[in-house]
Amino acid sequence: MVFLAPLFLLTLSSCFSSKHMRAQEIKTDISLREMKSELEDQKYQISRLEVEMQIIEGKSDSQVSSIHQIRKDLAKLGKEEINLVEKTLGAYQQKLERLGNFEDLLKSDLLRLKEHTEDVRKTLVQFKTKIDDNEKAISCQNRYINHLKTSLESLLKVVEQSEEGSVFYVVQTGDSLDKISKENHVPIDLIKELNHLNSDLIIIGQKLRLK
């Protein structure tokens, strides 16, 4: 029994060592796979960059070729063509200057229009205020007219009531106050008072109140 214990421990240690080595191998394998995947990604990125560089170089070559062609075309132009180009550019420059002046004029007109619009708005506000004041005045006048109308109607009623039982005489040709007074047995002074007469003058067709 004493000699079996070390052998058991040796066997147990061997098992642990084997498992540890196996775990290390698995970790190493995973690390290698990850490195391979990263390498593949790097290769893909490098390949893509190479393609983009080729495209850019192709565009650059094309632009350089275009510039060379333009220079060749310009070199072929004669003095007359160059003068024509300069005149055309000068004409466009003048048009641009006129457009700039027109833009300034347009801005100035818009500013004046804005100021005029503001003045019109203020004027309209003033007119509205005047209209409101006139409407208030008209309303007051209407109330005053209605009051006068009511007063006049009341006065007419009083006059009509006061004229009930009154006697009137219409002046005829040849009449005089003295004649009318004697025929109707009414004193001349009373006739004058009832009709607000300041003299004995009467006219044909005049309506005289006798009582």
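Residues numbered from 1 in each chain as written. Predicted model: local features only at pLDDT ≥ 70, side-chain atom pairs only at ≥ 80, totals over all residues. Heavy atoms only, no water.

Right, let's talk about the overall build of the protein chain for a bit. Counting secondary structure elements, the protein chain contains four helices and two strands. Listed by position from the N terminus, the elements making up the protein chain come as α-α-β-α-α-β. Taken across its 211 residues, the protein chain has 7% of its residues classed as buried. Long-range pairs, those at least 24 residues apart, make up 52% of the contacts in the protein chain between residues at least 6 apart in sequence. When the accessible surface of the protein chain is summed, it comes to about 19,000 Å², and 60% of that surface belongs to carbon and sulfur atoms. (Helix = DSSP H or I, 4+ residues; strand = E, 2+ residues; numbered from the N terminus. Buried < 20%, exposed > 50% of the residue type's maximum accessible area, 1.4 Å probe, protein only. Contact = heavy atoms within 4.5 Å. Areas by Shrake-Rupley, 256 points an atom, 1.4 Å probe, with all protein chains shown as cover.)

Another point: the confidence of the model for the protein chain. Averaged over every residue, the pLDDT of the protein chain is 78; residues scoring 70 or more account for 80%. Across residues 1-5, confidence stays below pLDDT 50; counting only partners more than four residues off in sequence or on other chains, it has zero contacts. (pLDDT = per-residue confidence, 0-100.)

This next bit is on the packing of helix H3 (residues 177-184) against helix H4 (residues 188-195). For any two helices packed against each other, one specifies the crossing angle of their axes together with the interaxial distance. Where H3 contacts H4, the two axes come as close as 9 Å, and the packing angle between them is 105°. Between H3 and H4, the angle falls in the class roughly perpendicular. Contacts between H3 and H4 involve Leu177, Asp178, Ile180 and Ser181 from the first element and Ile188, Ile191 and Lys192 from the second. In terms of residue class, the contact of H3 with H4 is made up of four nonpolar, one polar and two charged. (Axes fitted to C-alpha atoms, helices over the stretch in contact; angles between N-to-C directions. Parallel < 35°, antiparallel > 145°, perpendicular 65-115°, else oblique. Nonpolar A, V, L, I, M, F, W, Y, C, P; charged D, E, K, R; others polar.)

Structurally, Ser181 is set in helix H3. For Ser181, a relative accessible area of 11% gives the class buried.

The backbone of His185 sits at a positive phi, close to 55°, despite the residue not being glycine. Turning to its location among the elements, His185 is positioned in the loop between H3 and H4. The phi angle at His196 is positive, at roughly 55°, despite the residue not being glycine. Tracing the chain through its elements places His196 in the loop between H4 and strand S2 (207-209). Residue classification places His196 among the exposed positions, given a relative accessible area of 69%.

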